[in-house]
Amino acid sequence: MAAELTAHELAGVAFNLMAAKLFSLASCVMLFYDIAITFGDEVERIWMRKFSWFTILWFLNRYLSPLGFVVIIVSFHDPSWSKAACNRYVLYPEALKIVTAFVIGVIFITRVYAIYARSLVIVSVGCTLLVIEIAVKIWAFTDGTSLDLPEGLIGCILVGKNPNRFVFTWVAELVFDSAMFFLTMWRTYVHNRSVKGNAASLLNLIFRDGVIYFAVIFAANLVTVLMFLLAPVGHECTSISLSSLLTNADIAGSEGDERELQHVNY
């Protein structure tokens, strides 16, 4: 850091750094724990079924994220990482997230396409929004750099050179997820009215059509955006790992539903 810090300020930086490290480590452990306890279901519902394009999408979402987590954890804790090494790899997790964002976007569009009776208009809107999301994320995250920490503190932390630009990598996700959420919710509501369903049937539709998945992911990305806008410098990245974890787990949790949705036409 350019300016000398007081002991109190240095303690604050160290506290924020430790919080980010522990939060990311906890998220990483939760991700691998989720993989371990659901592996039996994964084998039964994914690998013992007929191989399809969805199998590839599911695999990419499920197992690319842990690669990003491994690099994050190592970069946060390994004292042998030089500044040059940090600058080389600090964007790697976000670059990997571009791929998973695309995969997740395709899965979301598939859901919406299915519940809107294979509407080409809906899938065109979804694809357009996904292309815009990916373009904005690439523009935003390429502004990222490593946080300049005081001497003696260890950690390769991704921050934005211009925070107002960098935050758009999550704003883009938030907008796309919001569109998918409201399209799904609207279709659920309209269908429930058309069959004159009651509150119980509406609740069943909400679970079946993935509204809960969208809502959780939306909330996680909203927290990340707010952290970047409001949290102290160096502390804003704390919720990034949790956002990625929830997205990965939610999509993986809907593994069987996605195959069923490929045949829905109501």
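Every value quoted in this text rests on a predicted model; they were computed, and no experiment measured them.

Q: Kindly report on the overall build of the protein, identifying the contributing residues and their values.
A: Within the protein, the secondary structure is distributed over twelve helices and two strands. Mapped in sequence order, the helices and strands of the protein form the string α-α-α-α-α-α-β-β-α-α-α-α-α-α. Burial statistics for the protein: of 266 residues in total, 47% are counted as buried. In the protein, the proportion of contacts linking residues at least 24 apart, taken out of those at least 6 apart, comes to 78%. Carbon and sulfur atoms make up 70% of the accessible area of the protein, which totals about 13,200 Å².

Q: Can you lay out the packing of aromatic side chains for me, pointing to particular residues and giving the numbers?
A: As enumerated under the stated definition, the model contains nine aromatic pairs in all. Here Trp 47 and Trp 58 contribute two aromatic rings whose centre-to-centre distance is 6.4 Å and whose plane-to-plane angle is 80°, an arrangement assigned as edge-to-face. In this pair, Trp 47 sits in helix 2 (residues 39–47) while Trp 58 sits in helix 3 (residues 53–77), placing the two residues eleven residues apart along the sequence. A centroid spacing of 6.2 Å and a plane angle of 70° characterise the contact between Trp 47 and Phe 59, whose relative ring orientation is edge-to-face. With Trp 47 in helix 2 and Phe 59 in helix 3, this pair connects stretches of sequence that are twelve residues apart. Look at Phe 59 and you get partly exposed, because its relative accessible area is 40%.

Q: Could you give an account of a nonpolar patch on the surface, naming the residues involved and the relevant values?
A: Residues Met 18, Leu 22, Leu 25 and Val 29 make up a contiguous nonpolar surface patch of roughly 350 Å² in combined accessible area. Tracing the backbone through its elements, the reader meets Val 29 in helix 1 (residues 7–37). Judged by relative accessible area, which is 53%, Val 29 ranks as exposed.

Q: Could you give an account of the state of the cysteines, naming the residues involved and the relevant values?
A: Counted under the stated rule, the structure contains one disulfide. Cys 86 shares a disulfide with Cys 156; S-S distance 2.0 Å. What sets the handedness of the Cys 86 and Cys 156 disulfide is the S-S torsion sign, and at about 90° it is right-handed. Of this pair, Cys 86 sits in helix 4 (residues 83–89) while Cys 156 sits in the loop between strand 1 (144–146) and strand 2 (158–160); the two residues are 70 residues apart in sequence, bridging distant segments of the chain. By the burial criterion, Cys 86 is buried, and Cys 156 matches it.

Q: So what about the packing of helix 5 (residues 92–115) against helix 6 (residues 120–141)? Which residues, and what values?
A: At a minimum axis separation of 10 Å, helix 5 and helix 6 run at an interaxial angle of 165°. One finds that helix 5 runs roughly antiparallel with respect to helix 6. Considering how the two elements wind past one another, helix 5 and helix 6 form a crossing that is right-handed. Counted together, Glu 94, Ala 95, Lys 97, Ile 98, Ala 101, Phe 102, Gly 105, Val 106, Ile 109, Val 112 and Tyr 113 of helix 5 and Ile 122, Val 123, Gly 126, Cys 127, Leu 130, Glu 133, Ile 134, Lys 137, Ile 138 and Phe 141 of helix 6 form the full contact between these two elements. In the contact of helix 5 with helix 6, the residues fall into 15 nonpolar, two polar and four charged.

Q: Could you give an account of the packing of helix 2 against helix 3, with specific residues and numbers?
A: At a minimum axis separation of 11 Å, helix 2 and helix 3 run at an interaxial angle of 160°. By the angle between their axes, helix 2 is roughly antiparallel relative to helix 3. Contacts between helix 2 and helix 3 involve Phe 39, Glu 42, Ile 46 and Trp 47 from the first element and Phe 54, Thr 55, Trp 58, Phe 59 and Tyr 63 from the second. In the contact of helix 2 with helix 3, the residues fall into seven nonpolar, one polar and one charged.

Q: Lay out the environment of Ile 115 with the relevant residues and their values.
A: Along the polypeptide, Ile 115 turns up in helix 5. Residues Ile 115 and His 191 lie 76 residues apart in sequence; the distance between their C-alpha atoms is 9.5 Å.

Q: How would you sum up helix 5? Please name residues and give values.
A: A rise of 1.5 Å per residue sets the reference length of helix 5, with its 24 residues, at 34 Å; its end C-alpha atoms lie 35 Å apart and thus fit the reference within 8%. Along helix 5, 18 of the 24 residues are buried, which leaves the element largely enclosed by surrounding structure. Ala 117 sits one or two positions beyond helix 5 and adopts a positive phi of about 55°.

Rules used throughout
Residues numbered from 1 in each chain as written. Predicted model: local features only at pLDDT ≥ 70, side-chain atom pairs only at ≥ 80, totals over all residues. Heavy atoms only, no water. Helix = DSSP H or I, 4+ residues; strand = E, 2+ residues; numbered from the N terminus. Buried < 20%, exposed > 50% of the residue type's maximum accessible area, 1.4 Å probe, protein only. Contact = heavy atoms within 4.5 Å. Areas by Shrake-Rupley, 256 points an atom, 1.4 Å probe, with all protein chains shown as cover. Phe/Tyr/Trp six-rings, centres within 6.5 Å; stacked < 30°, edge-to-face > 60°. Patch = residues over 30% accessible without salt bridge, like charges linked within 9 Å, V, L, I, M, F, W, Y side chains within 5 Å. Salt bridge = Lys/Arg side-chain N within 4 Å of Asp/Glu carboxyl O. Disulfide = S-S within 2.5 Å. Axes fitted to C-alpha atoms, helices over the stretch in contact; angles between N-to-C directions. Parallel < 35°, antiparallel > 145°, perpendicular 65-115°, else oblique. Left-handed = near helix turned anticlockwise from the far one by under 90°. Nonpolar A, V, L, I, M, F, W, Y, C, P; charged D, E, K, R; others polar. Expected span 1.5 Å × (residues − 1).

Such coordinate-based values are descriptive only and should not be taken to indicate function.
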